[in-house]
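Residues per chain are reported as follows:
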Amino acid sequence: MSSIDNFNKYFAKKVYQYELQTALYMLEPWEKVLFNSLALCLLCLSIATVYHFTPHVFTTTMEI
């Protein structure tokens, strides 16, 4: 068995676990895409917010 096969099995297992933990396994494919798109947008907006406001928080706490 090659390492590519092992990686494919590992990745498929992780996708399956993700679908089970988020209850996506019972949704239709278009609903999975919609949910994952919204989750990805929320994650990206959260990262952008942290990136944008973290320097301000540190500068205000250092002034006190």
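Structure first, text after, so check above.
A few points on the structure. The structure presented is a predicted model; accordingly, all values stated were derived computationally and were not measured.

Notes on the overall build of the protein
Looking only at helices and strands, the protein features 2 helices and 0 strands. Computed over C-alpha atoms, the radius of gyration of the protein comes to 19 Å, more than 25% over the 11 Å expected from 2.2 N^0.38 for 64 residues, which places it beyond the range of a compact globule. C-alpha atoms of the protein, sized along the principal axes, occupy 60 × 30 × 15 Å. When the 64 residues of the protein are sorted by exposure, 5% land in the buried category. Looking at the protein as shown, the accessible area adds up to about 6000 Å², and 72% of this sits on carbon and sulfur atoms. Positive and negative charge centroids in the protein, built from 4 and 5 side chains respectively, lie 15 Å apart.

Examining the pattern of salt bridges
Taken as a whole, this structure holds 1 salt bridge when the rule is applied. Among the salt bridges present, the one from Lys32 reaches Glu19, with a minimum N-O distance of 3.4 Å. With a gap of 13 residues between them, Lys32 in helix 2 (residues 29-63) and Glu19 in helix 1 (residues 3-21) connect regions that are remote in the sequence. Of the two residues, Lys32 and Glu19, both sit in the buried class.

Some remarks on a nonpolar patch on the surface
On the surface, a cluster of nonpolar side chains totalling about 710 Å² of accessible area is made up of Tyr16, Tyr18, Leu20, Tyr25, Met26, Leu27 and Phe35. Broken down by element, the residue count for the nonpolar patch peaks at 3 residues, all from helix 1. Mapped onto the elements, Leu20 comes out in helix 1.

So, unusual backbone geometry
With phi around 60°, Ala23 is a residue other than glycine that occupies positive phi space. Tracing the sequence through the fold places Ala23 in the loop between helix 1 and helix 2.

Regarding helix 1
Taking 1.5 Å as the rise per residue, helix 1 with 19 residues should run 27 Å; its terminal C-alpha atoms sit 27 Å apart, in good agreement. Positive backbone phi, approximately 60°, marks Ala23, located one or two places after helix 1.

Focus: the environment of Thr49
With respect to the secondary-structure elements, Thr49 resides in helix 2. A sequence separation of 25 residues divides Thr49 from Leu24, and the C-alpha atoms of the two residues are 27 Å apart. Side-chain polar atoms of Thr49 contact the backbone oxygen of Leu45, separated by 2.8 Å.

Rules behind the numbers
- Residues numbered from 1 in each chain as written.
- Predicted model: local features only at pLDDT ≥ 70, side-chain atom pairs only at ≥ 80, totals over all residues.
- Heavy atoms only, no water.
- Helix = DSSP H or I, 4+ residues; strand = E, 2+ residues; numbered from the N terminus.
- Rg over C-alpha atoms; globule rule 2.2 N^0.38 Å.
- Buried < 20%, exposed > 50% of the residue type's maximum accessible area, 1.4 Å probe, protein only.
- Areas by Shrake-Rupley, 256 points an atom, 1.4 Å probe, with all protein chains shown as cover.
- Lys, Arg positive; Asp, Glu negative; His and termini not counted.
- Charge placed at Lys NZ, Arg CZ, Asp CG, Glu CD.
- Salt bridge = Lys/Arg side-chain N within 4 Å of Asp/Glu carboxyl O.
- Patch = residues over 30% accessible without salt bridge, like charges linked within 9 Å, V, L, I, M, F, W, Y side chains within 5 Å.
- Expected span 1.5 Å × (residues − 1).
- Polar contact = N/O pair within 3.5 Å; in protein donor to acceptor, adjacent residues only side chain to side chain.

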